[in-house]
Amino acid sequence: MYQRSCDIICGLPFNIASYALLLEIIAREVNMIPDELIGNLGDVHLYSNHIEPIKEQLNREPYPLPTLEILGEVDDIAHYEINDFVLKNYQSHSTIKLPLSN
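As the structure is a computational prediction, the values presented were derived from the model and not from experiment.

The rules behind the values
Residues numbered from 1 in each chain as written. Predicted model: local features only at pLDDT ≥ 70, side-chain atom pairs only at ≥ 80, totals over all residues. Heavy atoms only, no water. Helix = DSSP H or I, 4+ residues; strand = E, 2+ residues; numbered from the N terminus. Rg over C-alpha atoms; globule rule 2.2 N^0.38 Å. Buried < 20%, exposed > 50% of the residue type's maximum accessible area, 1.4 Å probe, protein only. Contact = heavy atoms within 4.5 Å. Areas by Shrake-Rupley, 256 points an atom, 1.4 Å probe, with all protein chains shown as cover. Core = buried A, V, L, I, M, F, W, Y, C linked by side-chain atoms within 4.5 Å. Salt bridge = Lys/Arg side-chain N within 4 Å of Asp/Glu carboxyl O.

Colleague: Describe in detail the overall build of the chain, supporting the description with residues and values.
Modeller: Per the secondary structure count, the chain includes two helices and six strands. Going from the N terminus to the C terminus, the chain shows its helices and strands as β-β-α-β-β-α-β-β. Over its C-alpha atoms the chain spans a radius of gyration of 16 Å, topping by over 25% the 13 Å that the globule rule assigns to 102 residues. Here the C-alpha coordinates of the chain stretch approximately 45 × 30 × 25 Å along the principal axes. Within the span of the chain, comprising 102 residues, buried residues form 19% of the whole. The contacts in the chain between residues at least 6 apart in sequence include a share of 65% that link residues at least 24 apart. In the structure as shown, the chain presents an accessible area of about 8100 Å², 55% of it carried by carbon and sulfur atoms.

Colleague: Hey, could you go over the nonpolar core for me, with residue numbers and the actual values?
Modeller: By size, the foremost hydrophobic cluster in this structure holds five residues: Ile25, Ile70, Val74, Tyr80 and Phe85. Setting aside chain neighbours within four positions, we find Tyr80 in contact with Ile25, Arg28, Glu29, Ile70, Val74 and Phe85.

Colleague: Would you mind going over the environment of Val74 in detail, with residue names and values included?
Modeller: You can see Val74 is positioned in the loop between β5 (67-70) and β6 (85-88). Taking the relative accessible area as the measure of exposure, Val74 reaches 16% and is therefore buried. Taking the C-alpha atoms as reference points, Val74 and Ile9, separated by 65 residues in sequence, lie 34 Å from one another.

Colleague: Mind laying out the pattern of salt bridges, listing which residues take part and the relevant values?
Modeller: Counted by the stated rule, this structure contains four salt bridges. Put simply, Lys55 and Glu52 hold a salt bridge, and the shortest N to O gap is 3.4 Å. Taken together, the positions of Lys55 and Glu52, both in helix α2 (residues 51-58) and three residues apart, correspond to about one turn of that helix. In this structure Lys55 comes out as partly exposed when scored by relative accessible area, which is 42%. Exposure remark for Glu52: the relative accessible area of 53% places this residue in the exposed category. A salt bridge links Lys88 to Glu69; its shortest N-O distance comes to 2.6 Å. Here Lys88, found in strand β6, pairs with Glu69, found in strand β5; they are 19 residues apart in sequence, far enough to count as distant. Under the relative-accessibility criterion, Lys88 is labelled partly exposed at 38%. Taking relative accessible area as the criterion, Glu69 reaches 30% and is therefore assigned partly exposed.

Here's what the structure looks like:
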């Protein structure tokens, strides 16, 4: 994936999850096993008022990764619905609030 602009703490985690899901869907559609997601990031940035929140994030002990299950068969890639996906063994820490940056 190529991401022209990358907000490290706000956007990047969601972008990784979105593209990883897309990789899983495409691999399933072409009957292959997904291997790795490679990202090229441009204009990577961290706002000064996000330094303390990211330090908090980095000090947390990571949980084991969840697994994704895609239920059923879909005849067209455009016909997936949210209920077709199940994350198993998902755990998360409490929310870290981020102030708006300008």
